[in-house]
Every structure is written in structure tokens, then in C-alpha cells.
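# Fold and contact review
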Protein chains: 4
Amino acid sequence: MSAMSMSHLVEAIADLGRSYLEGPLNRSLLRNIENLCQSLREEKGEAAATAIAREVVNAFNAMRREEKLEFLEMLQNDFSPNPEAVLIAAKSYVRNGDIRSLRNLAQAVESPVQAFLRLLNMVPGGTETIIAMRNLVLEEIKNKPQLEFLDADFEHLLASWFNRGFLTFQRIDWNTPAVILEKLMQHEAVHEIKGWEDLRRRLADDRRCFAFFHPVLPNEPIIFIEVALTKGIAREIQPVLEMPPQHQKKDPADTAIFYSISNCQSGLKGIHFGSFLIKQVVDTISAELPKIKTYSTLSPIPGFRNWLEKVFLLKKSNELTEDELKILKEPLWFNSESNLEDLKGTLTKLCAQYLVNEKKNHRPRDPVARFHLGNGAEIEQINWLGDTSRRGMEQSAGLMVNYLYNTSHIVANHENYVNDGKIAVSSKIKKLLS
Amino acid sequence: MSAMSMSHLVEAIADLGRSYLEGPLNRSLLRNIENLCQSLREEKGEAAATAIAREVVNAFNAMRREEKLEFLEMLQNDFSPNPEAVLIAAKSYVRNGDIRSLRNLAQAVESPVQAFLRLLNMVPGGTETIIAMRNLVLEEIKNKPQLEFLDADFEHLLASWFNRGFLTFQRIDWNTPAVILEKLMQHEAVHEIKGWEDLRRRLADDRRCFAFFHPVLPNEPIIFIEVALTKGIAREIQPVLEMPPQHQKKDPADTAIFYSISNCQSGLKGIHFGSFLIKQVVDTISAELPKIKTYSTLSPIPGFRNWLEKVFLLKKSNELTEDELKILKEPLWFNSESNLEDLKGTLTKLCAQYLVNEKKNHRPRDPVARFHLGNGAEIEQINWLGDTSRRGMEQSAGLMVNYLYNTSHIVANHENYVNDGKIAVSSKIKKLLS
Amino acid sequence: MSAMSMSHLVEAIADLGRSYLEGPLNRSLLRNIENLCQSLREEKGEAAATAIAREVVNAFNAMRREEKLEFLEMLQNDFSPNPEAVLIAAKSYVRNGDIRSLRNLAQAVESPVQAFLRLLNMVPGGTETIIAMRNLVLEEIKNKPQLEFLDADFEHLLASWFNRGFLTFQRIDWNTPAVILEKLMQHEAVHEIKGWEDLRRRLADDRRCFAFFHPVLPNEPIIFIEVALTKGIAREIQPVLEMPPQHQKKDPADTAIFYSISNCQSGLKGIHFGSFLIKQVVDTISAELPKIKTYSTLSPIPGFRNWLEKVFLLKKSNELTEDELKILKEPLWFNSESNLEDLKGTLTKLCAQYLVNEKKNHRPRDPVARFHLGNGAEIEQINWLGDTSRRGMEQSAGLMVNYLYNTSHIVANHENYVNDGKIAVSSKIKKLLS
Amino acid sequence: MSAMSMSHLVEAIADLGRSYLEGPLNRSLLRNIENLCQSLREEKGEAAATAIAREVVNAFNAMRREEKLEFLEMLQNDFSPNPEAVLIAAKSYVRNGDIRSLRNLAQAVESPVQAFLRLLNMVPGGTETIIAMRNLVLEEIKNKPQLEFLDADFEHLLASWFNRGFLTFQRIDWNTPAVILEKLMQHEAVHEIKGWEDLRRRLADDRRCFAFFHPVLPNEPIIFIEVALTKGIAREIQPVLEMPPQHQKKDPADTAIFYSISNCQSGLKGIHFGSFLIKQVVDTISAELPKIKTYSTLSPIPGFRNWLEKVFLLKKSNELTEDELKILKEPLWFNSESNLEDLKGTLTKLCAQYLVNEKKNHRPRDPVARFHLGNGAEIEQINWLGDTSRRGMEQSAGLMVNYLYNTSHIVANHENYVNDGKIAVSSKIKKLLS
């Protein structure tokens, strides 16, 4: 494409973009964007490239969903490595096997999508747009598995850009701007925040909330964690959520309970922030509040209830009777005193088995367990009727678990887990399993 | 390496690191670091990986130069792609040519150095250390050309991380912290800043100074530019540097003169910031001072004097006499009235030829010309005795040039230059060339 | 009081203070505080004085209301000028009439309360405590008119400290910390903010909100104003409060409507911030949005309905019939079409008379009119059914008024008003009055 | 003055003001300003008042010194209380003696200068201008003692505005903006800062520097203190100023030495900040560096040398021989070994006497001693040849003194000093005195 026709094209697209909000699916615009993206690939100079990148970003954000999907398909198809060039380079490497042909091969196989995305990132709003693009890729990947390769390019780039070293760690409290606070309410994934009053309670003096941010998205938390400062390890979630703020001066807390951790950017799926966040929180609270000696989660066991039913059907366990399983189907069974004693022993034991012994690819089947054990935590105790909310009953049969972050065991636990798949448990849990 | 021996090793190295400042070149330490780096490659969990990364960063920073060089060689040797794996993947691609084998090939050829550097970046001081490592690579590359491949990995990663979209643009003035101001004095590459008083004058009300920063290095400017606000286009640098601050209210400036632009991070060589910076400066000054209508550089012609001598030796020009060339060798020839008239016409003409017609790879031979013309500027005029400093006489025979940034021509100039190698010149320059 | 007994006393009170939260009204503590305050008067050194001041501030904040009232009475009684010293100084001045005896007299009459309050202000939380003290004085002044003199000391000092030159002007929007935003909801005095969603709408892109702050109270707005950016002068408040945010790009606003202004600190009563705030808002919006050409309020007429009834009773007007007055007593009379035409002409005319001709001490009887006319605004138009909320109907009979801030008339309007009591009105209003 | 003529006058003066920079002493302008100031006194509305105040501030700042002095005289003469009104109020008080007549009297005697200055303070730059006015008053007060009364008004107001509660406490280091750092160099009053390198050393890791600021003057330190962190109490100033930064990790400091404290605003003379600053510094360092256990000054004895000569002349001491006094007149006497032993005992003893026993109004004659002892410090030791700089030799005969701030004695020392004039001394000093 010649220079003049290109700058002409930029203008034409800018014009089209302006009339975009109301128009029907605009095939000629999409063709133009494709041409534009092609010209970006060929462009040698930064000035024109960023002008084009700006148009692409604006056009994408103004598109309807079906247009965006066409755009992504175009990326997938047109911005893959040139097969002939790869073939030549591969053959050359097979023949020569030297470092120069290795380099040529490396260049030939690098997906042009990445260079394209780096260009888009240069213009205002570029990073957000790239994250939104990936979000769409992830939503569509079930229907179109071939997007897996496009997704890999997005993930590779975003993982590099959202490297821990570039994130800032910030406390969230009532002094935080409202524009950030409302994101917490939107993205809380474990225990719903029921409006501003509820949020305010979670940010009171006996609570802590921290988040990672990326400098380019100052109003968008990446991930956040909610912590309760308590006397002893909290075993039930409802009091944590509902009790009024405690006067710390009278009866100072000795324990930090991590009771919720939520990712905010679905477009960053697969990039791990959680273990860094927990580590930083432990360091920060230790420095601020030396009296806090214990760090523990209060966690759901989201796969437990499903597993229970399956276990019974498969007769893999003879510990759960048909009657007991029936009881669990009554939504408020925990209100009936007679049921409780019968079930407590059985379910607690089964839960310990589920957490410790039920595996998939040598790792615990339960996702929350997988996360905390992978971080070096250990299973401290299982809490009967720890979460009697509807969701708690449905997913975890009302049980909760404390994963303990014991700073002097974390590294060893982590290595045992990572290398040998060994799971650290307290003596209480051992007893349940024996 | 087993998990236990690894954490043992981390500790051992941490101990060694502490005694590092005074010790002799410590081969066993280097071996340990190598093992550590190997274990990083194999490590699956983040907790241990960052602990190791922290030790590597600390150890590297405590090393002596020769140790650092050994470390880099180790990186070069041990962290290159596995040749056998590449061979298998290349053959598979040649055989199948499908997208899956393409992906496998892409993974096989990606240099493990990049993954390693991304790990180092996670710990405090990581980014600085990586930049320092690359700086060393660049210093050694002349002696050891094979470092070219290691350098390519560094550059690829740093270019992605220091993408324009992640940089912040900041005005530098007398309200700027001293820790940043002293960096300007250190890194000014065009017209030396002779201490705090000189710096202060360059930050006065009739001047502007701007820089790019990266959020992870808040006290380290990446690149900065110095601008003088003047009445008309300034043709000589000494008055710009020396005249006292002008009262803007009485005789408001209509021109912004870019008289110095300097990179501060030699470890980021090859990553282009200059054109983005100039564009942002034009936008910022336009918004602040709508009376500024002209944007121009006042630039040296650093290759001119050398070229003159070569031209004469090669008899490529019959315009310069032997006598004239002799005169140029007297350091203060410009003080002698008799010389001036003889030389002015000849040198100015030759300079225009040099800037416009002397090329290398289809681009102007003069590096400063290459930079500004590549950004879309045009050659406005050549200034006789524009810089009579010692350096100005030695490099540019006292001449300076104004490159004009005419916002309505920049894109077209840029495209003509990039696509066709065409150089935009004013009518004055055209006359000199005819 | 000797030095030792004093520091002993400080400690004793600190001890008492700690046990204060639960205790009964503690007369001996009050006595001790009195002694402490006395010793503050006599104290020559700053170190001890601030230690004592700290105790007084803490003790006051821990007191119950009745104790605080006793404390204020003590201030009133014990910290007044010494009558004998004043008498001697007054006599001396009568005799000599020179500047030295004038100074002595000035010193003798200055209330020691002011020196005492300046001391309290030195310690953390001092300013808030002083404002809280004055708030209490104002609440009690109806019951105890003698507090007028104590109040005058508070007001004098606070007016000096909250001088416009010390206030900062800040925009409030969705980026503002929640701790400040909730203060807006608390203190909005004109049109209630019904929760966070309502607040958010008032801070949207087609709205502006600004406040004055004092540096020592960074989370406490002193006064704030809410502005709607509209096309033309808004005549009804309900659409302003309820319509969804307008896309400014499509149909840019040309008018700024000040629809609410609220003081937040009742302890600063009598210190005028409103006119400074409006002036600053006009300057700020003009600079940001040059397309805004008209600045107007949309204001209630809070005294109108009461006046109407009085007028009828006194038969001062023959324009309102008994029937009409009766109609106004039906809460939703404005829903009945038949009523409207009858009333519109009558009430609008009467309202114009009320605003322009009804005076008290040569100033308009209506407080909102007094405020805006005193700032140099003019009465632009009266809006029939401008506010049909319950409060709007009860206070203003549903009418609203636009006071226009015409920057080229403000100074002249202001001076005419201040010096001659003249009220600036538009030709529309003149016609209503004729 | 009528309203119209007043706004006319504002404009006229604004015009004059603009032509002010070059003009001769402009008597008619001064007359106009007087009229303006008069009209301010009579003005009831804020809008016009601030417009006038703005003109007065601008006009004053554009005046030449002699004009400013005339302006101040005008303030002194025209803005004093109305003698007749005061007389009537004084007589009424003598007659009635009630609280109402007391208040009337208080109003009659309040100097209108204060209301005038509060008005000036409302406009941008007002506070700086008022401080500059007072500075001028202080410079002139020796020539015109009657300015004492005007000065009292300034001091009263400024003391209220610069109340400790309104000051912010900030650390100064190499991250501080240059515009503030250069103020340190300007205002350092004890040990001259010899340029940016010297300054930088004083802000290194083994030093601390803190200042008070007022929010309205963010770039103007009010007072600052320089602290050296040392091992043991430093006894000589030259090593403190000259030794390179110490690695704190190897040999952590246990002592904070206050070696310089300087006021920056001569217009705030008589308002005490020093004791608050020292208290805050002790608190801040204690929190940051718990290993620092000792807080001490290293101070000059600026009146000692003068006193020595006087003592000898008056034959009040028989301890100093004529020969010894003669020696002190040789500038570099301390280089001569033979002199030293003779003098050391004599001078150290005399110095202890000077510090402890030489009084004026029951307070130590030495101003530095007066300051630190008044803050609750105690005299720890006298250091022979503690300061061999020219100034040190001339003022203090080379001696320095450590005043110790022992936190557990400060309050008692302070009270003993304030109430009984008792001076706290160490046992070493006691021995010298016995």
C-alpha cells in the first residue's frame, strides 16, 4: 500500500468511526480496518504507525460484538506467521543447526499478532482495549477452539506486561476514591458485597483490604483481598461479615483472616497474582501490627457438595448413608437439631478426605485448596457450619476450611507440594484421616 | 535438583552474598548461581522462584565486573534453547506444517533467557538490574560478537516493557526533586550543563524541559528534551544557552526551539523514545501556549567536519580548496574576519549537500538528520557560526541546522521519507543545492 | 499553681480521661480541668502548655453533653478579661489618651478565651474540637443568651483562621475519596441526596461539584455547590435531579445552573464562604468550558408560602382570594388542571413583589434572595411549578427563581445593593411588578 | 465615598499599577491607595472588598522601598482606632462596668489594621505580602520606634495564623524539590552551606533534616533543623560537616545531634517554632530509628568571646590573664600547641560560668542557651576546640556546648526553668562550676 493511500485510509476510517455508534454491521469498514492492520505490519515509521493504531483502537471500541468477533478472526487469520517463511527457516535449521539459523527461525515463528498488539498499546486506552480483546477471545474460545492460539499470544504478552515487578500494592479503605470502591462491589467473587454500607463495614478499622494495580490502569484493581483482624482463628463466615467493628484497643487482634480474594480483570485470566498478593499482605500486616501472629484463610470448599453426590452414586464411600444424603437436599437442614449430630462427624471426615486425597493430575480436585496449598499453606481445620448462606450450603454443604499461612513452613510446604505433590496438614486433620 | 537441596542452596548463596563486598572472584559462588539459575528454569512454583530471583539480583549487584561478565556468559550459554528439542520441533513442522506443530516450534525456539529475566523482574530492583545487565552486554559486544544473540533477547523484552503506553510524560522544572535534576546534568549529551546555576537557567520561565519516565523507575528519566521559547527561530546556540531569562509578558515567544535531546539509559539503547517525546512536547506546548506557532530544532551536524576532510581527500568535491581546509584546522579560525567571507558560501553549500545527498543504506549519513527527518521534520535552514564552542567547531565546523516540525506536513514528510527516502527541504535549502 | 503540682495535675487528668468513657458526670474532673485551664493562662512555656492543651482536648471530647456545657460555662466565666485591670486601663486612657495607654487598654480587654483557644489549636484535633465547642455554644445560645459574648470570641478567631486565603478549592467527582463523598450526602441542605446512586448522578460528566476545604481538615468540606450544565436556563428542579446524564458532545451545554449550595460546618456559622465559592466556580468553569456563557441559579423561595398567608391575614394584598389560599392548602393542588390557570398569574406576581419589595432592615426578607443579591446577582425570572416536591410546595408554593450571575454586572449590582439597597431585576420581573 | 467613584478608583489604580515598574515615586498613586484603603474600611460587601484588596496587594508589591515605607506610615496613621470612639467606650465602661460596655470597648480598641490585613490575606499572594510588610516594619523599627504598635498588630495576627496546629512537618532530603532546597542554602544561619554538594552531604543517609511549612506557602520552609546521626555525642562540628556519609548498617548510630536550626522568615520574628520543631523531630526519629537513644545539640556559644573581653576589662574575673586574652586575638592561636594547655582549663571554666551564671532578666545572657534551656534541655558538656572555623573562633573562642534533650527530664527542666529560673546541668558542668 502506498504512503498516500494509507494516510488517506486513516482519514476515511476516522470518518467512518465517527458515524459508527448507530450504523449496521459495516463490512466495508471491517475491510478497511483489515487493510489498516495490514499496513501497520508493513509500516516502518512510528509516527504513522501510532496514528493508525489510534484509529484501530477507536474503531474496535465502537464496534458491536459481532463485528469485534470478525475483527478477532481477522487477527487470527491474517496475523499468523508466514508458513513459507517458517518452512524455509525450519529447513535451514535442520540443515545447519547453528545459532544464526536458530535466530532466523525464532523470528519467523514469532506471531505478528504480538507486534501488532505492542503497537496498539502505544496509544491512550491501548492496554484496556487489549485486555477487552482478550476477554472476548476467552468468551468465544469454547465455540471456536482454534482461538486457543490467538489466546496464547495475548496471554504471553499480558503476562509479561503485568509482571509482578510492575504492579503496585495499595491499601483500600474509606479514603479510596469511589471510582475504585465500586469496582470491589462489582468484582467480589466469594461473599457478595450488598451495597455501600456493607462495603464500608469491610473497610473498617478491624479490617484490611489490599489490591494490586498496574500504573496504566490507576482506577482498575487487578486483584484484591479482604482480611479480618480477629482474636483467634475465625471458624464461621457469617459473624465475620456481620459483626459490628471491634474496638481494637480493648482486645487487640492476634490473627489475620483472609476471607475473600477476587480477580477483577477476566481478560487477565491465567496470569497469577494471588500468591504474590498474599505474600505482600503478610509482610505489610506484620510490619504494621506486630501483635498479629497467625495468618489464616477462612475458605469455602466449592467442589465438596458435588463430589459428595458423586461419591455416593459411585458407592466409593460407605460412610454416607442414603438418608444422610437426602437430608442434605433440604435447603435448611442445618436448622434441625436432630440432623446435626448425625452428620457432623461424617461430613467433616469426608471433607478431609476430599481435600487431601481427591486428586486430578496429582493435584487436589478442589480449586481453592489447589491455590492455597500451591502457595505453601497447610490445612489447619475444617469448620462445621462455617457458612450457612445459600451458596455455602449448596457448594460446600455448609463447611469451611482454614488454610494456615505459617511463615516458617511456607517455603518447605510449597516445595513439597510442587515437587512431590505432598499436602501439609495439621494434626487435627491427620486424626480425621486416620 | 531436589527441593530441599534447592532451598539449602538459596540460603548458602544468601550467606555468601553477604560476605561479598570484599571477597576475591568467587568461582564457587558463580557455580552456585549457575545452579540457582538452572533451578529457576525448572521451578514450577512462584514462591520459591521469587526467593531465588531475589538472591540472583542481590548477588549480581554485589559482583565485580569480571564476575558479572562470567555471569552473562553463563546466561548466553546455559539459557539458550535446547538444540535437540528445536530440531525435533523443526522436523515435525517440516513434516506436518499445521498450526499445532508451529506452536510447538515457537515454544522450542523461545530463548529461556526471556523467562529468566521476567522472573528477575518480579523482585525489587529487578528492572534496574536487567537494564544494568544489558548495559554490560552492550559494552562487551565489540569484544564478544556472539553476545549479539543475548542482546537481542534483552532488547526484545525491554522494548516490550518500555512501550510508549507505559511511559509517563512529565515536565521538569525547579519544582522537580533534586534527585532527578542531577540526572539531567549527568546525562545531557549535546550541550553540557555546567552545574546547578546553568541547570536552573535552563528550567526558567522562558524554557521548557520534559522527560519520559517509567513507573518502576520514578527517579530515573528515560529521555529528556530541552526547549527554548524564543521570538523567531534561533540560529545560534550560544545566546540560547547564555542569555538571561526573558520577560515573556513584554515580548511573548512565538517559537519553540528544541535545542537538546538526551537519552539517559544506555541499557535501553535501540528502543526509540525520541519521536514520541517530540510529538508529546508539541501537543503539550500548543495546549499551554497557543501563541507558539513554530516548532523547530537547533541542531548540530556532528558528522559534517569528518565528512569534509574525507570529501577533500577523495577529491569528490571541487568546491573546497586546500587552503580552505587548512583554515578549518586552526581552532579559532572563525575569529579572523578575512576567513569568514571566503568560507561561508562554500561550507554552507557543502553542508546542504552533506545533509541531503550523502546517504548510507538510503538514509542520510548524519545521525541527527536521520533522526529528525525520520520523525517527519524538514530541513529549514543552515546557520553559519551557529555553534562556536570547541565541540561545535570540531564536529560541525561551527554550523548548525534548524529542522522544522511543521505539524501539517509531519505525516506526509514522514511517509515520503520512510517509503521513498525523500527528504523534505525548504526553498532556502533547495536554492543552496541547485 | 506551682510547677510540680501542675505536671502532677496533668497526669492525674490523663488518668481520669482514660476511665472517662463509662463514668458518671465527674465533677472533680471538671474542677481539675478548670484548674488546668487556669494554669494554661499562667503558663509561660510552650512545652508544658501543649501538654496541658492535649489533655484538655482529649478530656473535652470524652465528656458527655452536660459536662461539655459546664465546661463552656467555665470558659465564659473564668476566661473573661479581668474587670479591675480593664477599669484601671480605661481610666488611664480617659486621663491620658495617648497611644501607649490605648495599647494597654487593648491588651486588658482582649478576652483570654482567645489565647486559650489558640493554645488548644496547637495539638492534634484541636481545630475540630474548637469548631465542635462553638457548635455547642450556638445550640445553647437560645437558652443562655449570655453565651453571646463567648460566641463572639469563637467567631472572631474562626473567621480569622478560615480566611478565604487559607481555603483550598477542589472539584468533587467520582474520583473523590468516599470519606468526603459521604459528607455531601450528610450536609446537602437544599435537595436531599437519596443514596450513592443519586450522588453519583450529581457527579456525572454534565454536572460539576466544588467545595472549599481547610488544610487542617482535609476530609471535611466547609461548603459545597452543585452545578448542572444545561442547554438554556433550567426552570424546573425535578428534571435537573432526575434526567440521565446528557452526552455533552452532541448538544454542548451553554449554561451553568447552581442548583444547590450547602454549608457543612455548623460550628462556622456566620463566616461567609458562599460568595467566594460562587466567584471561584464561575472562574473555573469559564476556563474549562468556554462555551458556557450563562451562569444562573435555580433557587427556592423558602419564605414565600409563609409570607403569602400572613399577607392574606393582614389584608395587605387584594390579589389573593380566600379561595385561592385554600387551594394552596391541598398538598397536591398542582395536579388539578383547573387550579393552575387561576393561580399562575396571581402567585407569580406576588412572588415578584415578595422578592423585590418585602424587606427587613432595608434588605430582602427572603434569605436566599438576600444571599444572591448581596453577591451581585440579579433576579432573572420566576418559574411556575419549578419545584413540586413536598418541601418545594410547602415553602415556595412550588415556585422557583433564577438569579443570574452576569459577570459584567456583578460589581455594579453588588455596589448598588450594598450602598443603596437597590435590587437588580430583569425586564420580565419589571413587567410583573408594574 | 460613593459606589461608582470607588469602582472607578479601583480601575484607575489598576491602570497606574501596570505602569508602575518604571515610574518615579508616585505621590498621587499613594494618595489613591490611601483612598482605596479607606474605602476598604467602609466597604460592607465581600465582592468589592476583595477586588480592592487585590489591587492593594499588587500595588504594594510593585512599589519601591520608599513608597512602601510611606504606605506603612499611612497604615500606622490612618488605620488606628478612632480616639473619640475609644474615649466614649472607655467612659461608658468606667461608668457601667457591665459586659456589654466591655464588648463595646473591645470593639472600639481593636486596631482596624487587623481587619485590613485579614482582607488582604484573601487574595492570592496576600499572606506573602503581609509577611513582607512586617519584614519592612521590623527593618524600620529602629529608626521609627512608633512602628512598635503597628508591629504588634502584625505579630498578633501572624502568630494566630502560623499557630502550630496549622503547620505541616516535613522531612527534607534529596527527593525534595530544588526550589525548596535552595531556600535552605539561603537561610542556613549557623554553619554556612557551601553549595549543592555540601547541601547534598547534609541530606545523606546518616543525616536528617526537617522543616515546618504552612499550607499557603508550600515552597517556603518556616524553620528547619539539621541533624547528624552519630555514634556517641559529637563534640566537634568540623568532622560532622566534613566526614563522608557513614554506612549505618555496619556501625549504627545511637545519637541524634541537632547541629543547626535556622528560621527562614524574618517577617515572622517573635513567633516561636523552635521548641515545637525539636519536639516533633525527637518523636519522629524515635519512631523511625529506635536505636537512637540520645538527643543532643552541638551548639555555638555566640556571646562568649564578647563577654570574655568585657569580663577582663571590668576585672570581674581574675582567672583570665592579660596574656591569655592577648593570645585569643591571634586568629589561629589554636594551632600553637603551647597555647592550648594554658588556655583549656581557664576558658572551659569561664564558659561554664558564662552559660550558667551570667543572666539578664533572670535568664541566661547567651541566646542559644536561653533557647535550649527554655525548651527543657540541660547543659551536658563544654567542648574545647569544638568549632575552629573563623566564626567559631570569633564568637565562641572555639568552644561548643552540648545541650542534652533527655525526654524523661524535659518537662521538669522546663518547669524549673520557667518558674524558678533554675538551669539543669550535668555533673561534669557542676564540677567545672565548683
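The structure this text deals with has already been given above.
Definitions and cut-offs
- Residues numbered from 1 in each chain as written.
- Chains lettered and ligands numbered in written order.
- Predicted model: local features only at pLDDT ≥ 70, side-chain atom pairs only at ≥ 80, totals over all residues.
- Heavy atoms only, no water.
- Buried < 20%, exposed > 50% of the residue type's maximum accessible area, 1.4 Å probe, protein only.
- Helix = DSSP H or I, 4+ residues; strand = E, 2+ residues; numbered from the N terminus.
- Pairing = 2+ DSSP bridges.
- Least-squares fit on C-alpha atoms with pLDDT ≥ 70 in both.
- Contact = heavy atoms within 4.5 Å.
- Right-handed = clockwise from strand over helix to strand, strands pointing away.
- Buried area = accessible area lost by both parts, 1.4 Å probe.
- Salt bridge = Lys/Arg side-chain N within 4 Å of Asp/Glu carboxyl O.
- Polar contact = N/O pair within 3.5 Å; in protein donor to acceptor, adjacent residues only side chain to side chain.
- Nonpolar A, V, L, I, M, F, W, Y, C, P; charged D, E, K, R; others polar.

## Some remarks on the pairing of strand 8 (residues 378-383) of chain B
Successive residues of a regular strand alternate their side chains across the two faces of the sheet. All names here are of chain B. Counting buried residues in strand 8 gives six out of six residues, a clear majority hidden from the surface. Where strand 8 and strand 9 (residues 400-404) come together, five bridges link them in antiparallel fashion. When the bridges of strand 9 are listed, isoleucine 382 appears paired with valine 401.

## Examining the relation of the copies chain B and chain D
Rotating chain B by 180 degrees and translating it 0.1 Å along the rotation axis places it on chain D, where the RMSD comes to 0.1 Å. Both copies are brought into coincidence by an operation consistent with a two-fold rotation axis. Relative to the rotation axis, the C-alpha of proline 177 of chain B is the closest in chain B, positioned 1.9 Å from it. Taken together, the interface assignments show that 100% of the residues at the interface of chain B recur at the interface of chain D, consistent with an identical surface on both copies.

## Details of the pairing of strand 4 (residues 255-263) of chain C
Residue and element names in this part refer to chain C. Judged by how many residues are buried, strand 4 sits mostly within the fold: seven of nine residues are covered. As judged from the eight bridges shared by strand 3 (residues 223-230) and strand 4, these two strands associate in the antiparallel manner. Pairing of isoleucine 225 across the sheet is with isoleucine 261, part of strand 4. As paired elements, strand 4 and strand 5 (residues 294-297) share four bridges and run parallel to each other. Bridging from a neighbouring strand, phenylalanine 258 pairs with threonine 297 of strand 5. With helix 13 (residues 274-288) bridging strand 4 and its parallel neighbour strand 5, the resulting β-α-β unit is right-handed.

## Structural notes on the interface of chain B and chain A
Contact with chain B, which involves 57 residues of that partner, is made by 56 residues of chain A. Buried area between chain B and chain A, summed over both chains or domains, comes out near 5,100 Å², and the portion from carbon and sulfur atoms is 64%. It is Arg103, Phe149 and Phe166 of chain B in chain B that bury the most area against chain A; as a group they hold 13% of the surface buried on that side. Across the chain B-chain A interface, the total number found is four salt bridges. Among the ionic pairs, glutamate 148 of chain A bridges to arginine 100 of chain B, the shortest N-O distance being 3.0 Å. Taken together, the links from chain B to chain A amount to 14 residue pairs in polar contact (both at pLDDT 80 or more). Mapped onto the side of chain B that touches chain A, the elements with two or more residues apiece are helix 1 (3-18), helix 3 (46-62), helix 5 (83-96), helix 6 (99-109), helix 9 (147-161), helix 13 (274-288) and helix 19 (410-420) of chain B. The dominant element in the side of chain B that touches chain A, judged by the number of residues it contributes, is helix 9 of chain B, at eight residues.

## Some thoughts on the environment of glutamate 155 of chain C
Residues and elements named next belong to chain C. Residue placement: glutamate 155 occurs in helix 9 (residues 147-161). Along the chain, glutamate 155 and isoleucine 131 lie 24 residues apart, while their C-alpha atoms are 9.6 Å from each other. When sequence neighbours within four positions are dropped, the list of residues in contact with glutamate 155 reads Arg134, Lys269, Gly270 and Ile271.

## Some points on the relation of the copies chain B and chain A
Both copies of the chain are tied together by a single rotation about an axis and a shift running along it. Rotating chain B by 180 degrees and translating it 0.0 Å along the rotation axis places it on chain A, where the RMSD comes to 0.1 Å. The residues that chain B uses at the interface reappear at the interface of chain A in 98% of cases, marking a shared surface.

## What about helix 7 (residues 112-120) of chain A?
What sets the pattern is the α-helix's 3.6 residues per turn: residues three or four places apart point alike. Judged by how many residues are buried, helix 7 of chain A sits mostly within the fold: eight of nine residues are covered. Looking at helix 7 of chain A, one finds that the buried residues are Pro112, Val113, Gln114, Phe116, Leu117, Arg118, Leu119 and Leu120 of chain A.

## Here's the deal with unusual backbone geometry
One non-glycine residue, leucine 385 of chain A, lies in the positive phi region at around 55 degrees. Residue placement: leucine 385 of chain A occurs in the loop between strand 8 (378-383) and helix 18 (390-396). The phi dihedral of asparagine 361 of chain B is positive, around 55 degrees, even though this residue is not glycine. Of note, asparagine 361 of chain B is situated in the loop between strand 6 (359-360) and strand 7 (363-364). Take asparagine 361 of chain B: its relative accessible area is 66%, and that puts it in the exposed class.

## Overview of the interface of chain B and chain D
Quoted interface sizes are often the accessible area lost when the parts come together. Every contact between the two is made by 13 residues of chain B and, on the other side, 13 residues of chain D. A combined buried area of about 1,000 Å² lies between chain B and chain D, and 48% of that area is made up of carbon and sulfur atoms. Viewed at the interface, chain D and chain B are joined by two salt bridges. A salt bridge links glutamate 182 of chain B to arginine 200 of chain D; the nearest nitrogen and oxygen atoms lie 2.5 Å apart. Our enumeration of links across chain B and chain D arrives at 10 residue pairs in polar contact (both at pLDDT 80 or more). Residue assignment for the side of chain B that touches chain D shows that the elements contributing at least two residues are helix 10 (178-187) and helix 11 (196-202) of chain B. Classifying every residue of the side of chain B that touches chain D by side-chain character gives six nonpolar, three polar and four charged.

## As for the pattern of salt bridges
Note that side chains of opposite charge can pair when their charged atoms are close. Tallied over the entire structure, the rule returns 88 salt bridges over all chains. Note that glutamate 73 of chain A is salt-bridged to lysine 144 of chain A, the shortest N-O span being 3.1 Å. One end of the pair, glutamate 73 of chain A, is in helix 4 (residues 65-78); the other, lysine 144 of chain A, is in the loop between helix 8 (126-140) and helix 9 (147-161), and 71 residues separate them in sequence. The partner of glutamate 288 of chain C in a salt bridge is arginine 208 of chain C, with the nearest N and O atoms 2.8 Å apart. A residue pair is termed long-range when its members are at least 10 positions apart, and glutamate 288 of chain C in helix 13 and arginine 208 of chain C in strand 2 (residues 207-213) qualify at 80 residues. With relative accessibility at 40%, the residue glutamate 288 of chain C sits in the partly exposed group.

Worth remembering: the numbers are spatial, not functional.
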